[in-house]
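# Observations on the three-dimensional arrangement
In case you want the letters, here they are:
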Amino acid sequence: MKIAIYSAHPFEMTYLVNVLEGEHKLMVTEEELNETTVHLAESSSAVVLFTSDKVNENILKQLAIYGVKYIALRSVGFDHVDLKKAKELNIKVANVPAYSPYSVAEHAVMLLMALNRHLIQSRELIESNDFRLDELTGFDVHGKTVGIVGLGKIGQAFARIMNGFGCKLLCYDPNPNAELGKELNLQFVMLNELCSMSDIISIHCPLNASTKHLFNAAAFSRMKKGVFLINTARGPVIKTEDLLQALDLGLVGAVGLDVYEFEKGMFFHDHRNESINDPLFEKLRTYNNVLITGHQAFLTETALKNIADTTAYNLNCFEKGITCINEL
């Protein structure tokens, strides 16, 4: 069948084309799916989309007019898709629920340790021939209390790593699993308690109506002063304006972000020859105790191969009319 692949990035296309080319006719574009590019999907049976693509009611209506019957997401998250409208239009949607939880969990640990041991500042000092250690003191992660928000596959992988560090683990999840808690040596608590007790907080929950701005001024006010906050989940889980205020007040000691509330249209693109018209982001990256990566936590060879393989599986299930275990 004819498939339109939007938001095609060089880092992933080798994997994706290898599993789809030959069996399907591909239309590949680096453009994101939006009102001005939706016409590229005309006469396609399926579209393959990334987190940066726009899949609202109007887009879905147009896709249906063009004959699109299937949407294959190259992501775990599906908050950018109007699933209710897709169902009304009889457009099937599937995601990649588990491409490599270790890739994201390990990146979260990397952000934590880079901030704690001042790796960015250390490199800058070394490059300027300044070998003093006066501003580089960190802390032992061993023995610290780590709060984990969301205990899906990524949260579990992160918990296992931090358990190996010798940390005390707390978890907030709407559906606590006592057996899993015993296996991973963690304690389920309410969010307020997690905020007040944790030295380190790592976010691994999905974005939905109940988690948007879960971390706001009220949550920051309950945290231990100097807490380390890591977010490799979704940007809008943190209210950026409130985070900036918490940083200015010294409530938060350090922040590691792989995602950002207003990243769409900015992350995954080259903006070297233009200005970033986002005052919040500009301010955020001025802090020495904030480390930002551009939504790259998932970016490992294993994850890319698994994303491609699962995407191919989802499309083949749709085409053959058989049950797809990843259909949303």
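Below or above, wherever it landed, is the structure these notes cover.

Reading the values: rules and limits
Residues numbered from 1 in each chain as written. Predicted model: local features only at pLDDT ≥ 70, side-chain atom pairs only at ≥ 80, totals over all residues. Heavy atoms only, no water. Pairing = 2+ DSSP bridges. Helix = DSSP H or I, 4+ residues; strand = E, 2+ residues; numbered from the N terminus. Axes fitted to C-alpha atoms, helices over the stretch in contact; angles between N-to-C directions. Contact = heavy atoms within 4.5 Å. Buried < 20%, exposed > 50% of the residue type's maximum accessible area, 1.4 Å probe, protein only. Right-handed = clockwise from strand over helix to strand, strands pointing away. Phe/Tyr/Trp six-rings, centres within 6.5 Å; stacked < 30°, edge-to-face > 60°. Core = buried A, V, L, I, M, F, W, Y, C linked by side-chain atoms within 4.5 Å.

### Some remarks on the sheet that holds strand β4 (residues 70–73)
Pairing is parallel across the open sheet formed by five strands, whose spatial order is β2-β1-β3-β4-β5. Two strands lie at the open edges of the sheet, namely β2 (25–28) and β5 (92–94), each paired on one side alone. With direction set aside, neighbouring strand axes in the sheet form an average angle of 20°. Bridging between β4 and β5 involves three bridges; their strand directions are parallel. Looking at the pairing, Y70 lines up with K92 of β5. The sheet strands contacting helix α12 (residues 301–320) are β1 (2–5), β3 (46–49), β4 and β5, and the helix crosses β4 at an angle near 165°.

### So, the sheet that holds strand β7 (residues 168–172)
Taken together, seven strands build an open sheet; the order of strands is β8-β7-β6-β9-β10-β11-β12 and the sheet is parallel. Two strands lie at the open edges of the sheet, namely β8 (186–188) and β12 (290–292), each paired on one side alone. Adjacent strand axes in the sheet meet at a mean angle of 15°, parallel and antiparallel pairs treated alike. As paired elements, strand β6 (residues 145–149) and β7 share five bridges and run parallel to each other. Bridge pairing in β7 links G147 to L170. The strands that helix α4 (residues 101–116) touches are β9 (200–203), β10 (227–231), β11 (252–257) and β12; relative to β10, the one it contacts most, it runs at about 145°. Helix α10 (residues 240–248) contacts β10, β11 and β12 of the sheet and is inclined by roughly 140° relative to β11.

### Observations concerning the environment of V47
Topologically, V47 is positioned in strand β3. When its relative accessible area of 0% is taken as the criterion, V47 is described as buried. Note: C-alpha distance between V47 and Y70 (23 residues apart in sequence) is 6.5 Å.

### Digging into the pairing of β3
Covered by surrounding structure in β3 are A46 and V48 together with V47 and L49, the residues of both alternating faces. Here β1 runs beside β3; their pairing, made up of three bridges, is parallel. When the sheet's bridge partners are listed, I3 is paired in β3 with A46. Of the strand pairs in this sheet, β3 and β4 are connected by four bridges, and their pairing is parallel. Residue pairing in the sheet places A46 in a bridge with Y70 of β4. Crossover connection from β3 via helix α2 (residues 57–65) to parallel β4: handedness right-handed.

### What about the packing of aromatic side chains?
In the structure shown here, the tally under the stated rule is nine aromatic pairs. For the pair F139 and F228, a centre-to-centre distance of 5.1 Å together with 85° between the ring planes defines the contact as edge-to-face. Note that F139 is positioned in the loop between α5 (119–127) and β6 and F228 in strand β10, a separation of 89 residues in sequence. F139 sits in the partly exposed class, given a relative accessible area of 24%. For F228, a relative accessible area of 9% corresponds to the buried category. Considering the side-chain rings of Y260 and F262, the 5.8 Å spacing of their centres and the 80° angle between planes classify their relative orientation as edge-to-face.

### Points about the nonpolar core
Formed by 35 residues in total, the largest nonpolar core has its most connected members in I201, F215, F220, L229 and L243. Looking at this core, the element that brings in the most residues is α10, giving four residues. Ignoring sequence-local partners within four residues, the contact set of L229 consists of I201, I203, F215, F220, I238, L243, V252, A254, V255 and G256. A108, L111, A159 and L180 belong to the second largest nonpolar core, which has 26 residues in total.

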